[in-house]
Amino acid sequence: MNWFDKLLDWFSGFTDQWEKHGVKFTLYTTIAILIGGLFELVPPFFLTKTAEPIQNVKPYNALELAGRDVYQKEGCNNCHTQMIRPFKWEVDRFDPQHSYGKDGYSKAGEYVYDHPFLWGSKRTGPDLAHESQIQPSAEWHKTHLINPRDTAKGSIMPAYPWLFEESSIIDASKIADHMRGLQKVGVPYTEEDISSASTLLAGKTAGDALIAYLLKLGRDTAELSKSLQ
């Protein structure tokens, strides 16, 4: 019998013992998973200072925040990512005008006010992290949302014409409550920001809000980059 067979026999005997004590094995495995989970989950709660806001990055205003809610509700993040990876070919693709300087990939400080993050992992459609610079036309976005085929021939994106109907008027009180909730987890909204929600959202539809959100993506850091050039 070679050394490998001996090792296999020893391991079989070892596992046989655990198989005879199924309850203990399950209990010990559960404890091990819980301990490992604590080491994974607890430290991030104490690392809030590892990602500082980039200068110029501001929280979403009431209209943009309402649009972000629509973006999540309609599942846009299932097909669009919001993160440019640090590869030259990817930066060149999503920052063709070099609006973000020589390092046009996404930075942690851009997302400090995002709850939750919407980075995503599937690009059925293009990445939207730099959308404010790639397609800055509000009218284009409205046409695209009402019927994507009018702006992108052969697009498989669903149409969202109802977002611009009167029945889709945004409820300002809900957005104000959302802002208060975000305020409690560290987003620096002032009472003036919250009280201005009713003015910013007056008569605005879900479609208007979604467009405002899309035109916010990447805008602050692009403006900062341009001011430094």
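Rules used throughout
- Sequence positions are assigned chain by chain, starting from 1 and proceeding in written order.
- Local features in this predicted model are restricted to residues whose pLDDT is 70 or higher, and side-chain atom pairs enter the listing and the counts only when it is 80 or higher, whereas totals over whole chains, interfaces and linings include all residues.
- Side-chain numbers come from the whole structure's heavy atoms, not from hydrogens or water.
- Secondary structure counts use DSSP, requiring at least four H or I residues in a row for a helix and at least two E residues in a row for a strand, with both numbered from the N terminus.
- Summary of the burial criterion: residues with accessible area below 20% of their type's maximum are buried, those above 50% are exposed, and those between are partly exposed, where the area comes from a 1.4 Å probe applied to protein chains only.
- By the criterion applied in these results, polar contacts are pairs of N or O atoms within 3.5 Å in which, for protein atoms, one can donate a hydrogen and the other can accept it, and in which residues neighboring in sequence qualify only through two side-chain atoms.
- Here, residues are in contact when the closest pair of their heavy atoms is within 4.5 Å.
- Here the term cavity refers to a set of points on a 1 Å grid, laid over the protein atoms alone, in which a 1.4 Å probe fits but cannot get out; the term pocket refers to an open set having protein on both sides within 12 Å along at least five of seven lines, with lining residues being those that place an atom within 4 Å of a point.
- Grid points are joined across faces, edges and corners, and a volume is the space filled by probe spheres set on the points.
- Side-chain classes follow a simple rule in which Ala, Val, Leu, Ile, Met, Phe, Trp, Tyr, Cys and Pro form the nonpolar group, Asp, Glu, Lys and Arg form the charged group, and the remainder, Gly included, forms the polar group.
- Pairing of aromatic rings covers Phe, Tyr and the six-membered ring of Trp, with a centre-to-centre limit of 6.5 Å; geometry is then stacked below 30 degrees between planes, edge-to-face above 60, and tilted otherwise.
- Two limits define a charge over a ring: the Lys NZ or Arg CZ must be within 6 Å of the ring centre, and within 35 degrees of the ring normal.
- Each domain's extent was defined by an automatic or database domain assignment.

Focus on the side chain of Ser225
Right, so step 1: Relative to the helices and strands, Ser225 is located in helix 11 (residues 219–228).
Right, so step 2: The exposure class assigned to Ser225 is buried, which follows from its relative accessible area of 12%.
Right, so step 3: Among the polar contacts listed, one links the side chain of Ser225 to the backbone oxygen of Ser99, at a separation of 3.2 Å.
Right, so step 4: Not counting chain neighbours up to four residues away, the residues in contact with Ser225 comprise Ser99, Tyr100 and Gly101.

As for empty space enclosed by the protein
Right, so step 1: Overall, the coordinates contain 2 cavities of 30 Å³ or more when judged by the stated rule.
Right, so step 2: Within this model, the largest cavity holds a volume of roughly 220 Å³.
Right, so step 3: Contributing to the lining of the largest cavity are 16 residues, with Tyr60, Glu110, Lys216, Leu217 and Gly218 lying nearest its centre.
Right, so step 4: Split into classes, the residues belonging to the lining of the largest cavity amount to 6 nonpolar, 4 polar and 6 charged.
Right, so step 5: There is about 70 Å³ of room inside the second largest cavity.
Right, so step 6: Lining the second largest cavity, in full, are Tyr60, Leu65, Arg68, Asp69, Gln72, Tyr113, Asp114, His115, His178, Leu182, Val187 and Tyr189.
Right, so step 7: If you list the elements that add at least two residues to the lining of the second largest cavity, you get helix 3 (62–73) and helix 7 (172–184).

Digging into the packing of aromatic side chains
Right, so step 1: Considering all chains together, one arrives at 6 aromatic pairs under this definition.
Right, so step 2: Between Phe117 and Trp119 the ring centres are 4.4 Å apart and the planes differ by 10°, which places this aromatic pair in the stacked class.
Right, so step 3: Residue class for Phe117 comes out partly exposed when judged on its relative accessible area of 44%.
Right, so step 4: Site record: aromatic cluster; members linked through ring pairs are Tyr60, Tyr71 and Tyr213.
Right, so step 5: The ring of Tyr105 has Lys107 sitting right over it, with the charged end atom 4.5 Å from the ring centre.

A word on the domain arrangement of the protein
Right, so step 1: Structurally, the protein comprises domain 1 (3–46) and domain 2 (53–228).
Right, so step 2: Using only C-alpha atoms to locate each centre, domain 1 and domain 2 end up separated by 45 Å.

Comments concerning unusual backbone geometry
Right, so step 1: Cis rather than trans, the peptide bond between His115 and Pro116 has omega equal to 0°.
Right, so step 2: By secondary structure assignment, the location of Pro116 is in the loop between helix 4 (88–94) and helix 5 (131–134).
Right, so step 3: Located in the positive-phi region is His98, a residue other than glycine, with phi close to 55°.
Right, so step 4: Among the structural elements, His98 can be located in the loop between helix 4 and helix 5.
Right, so step 5: A relative accessible area of 45% means that His98 is categorised as partly exposed.

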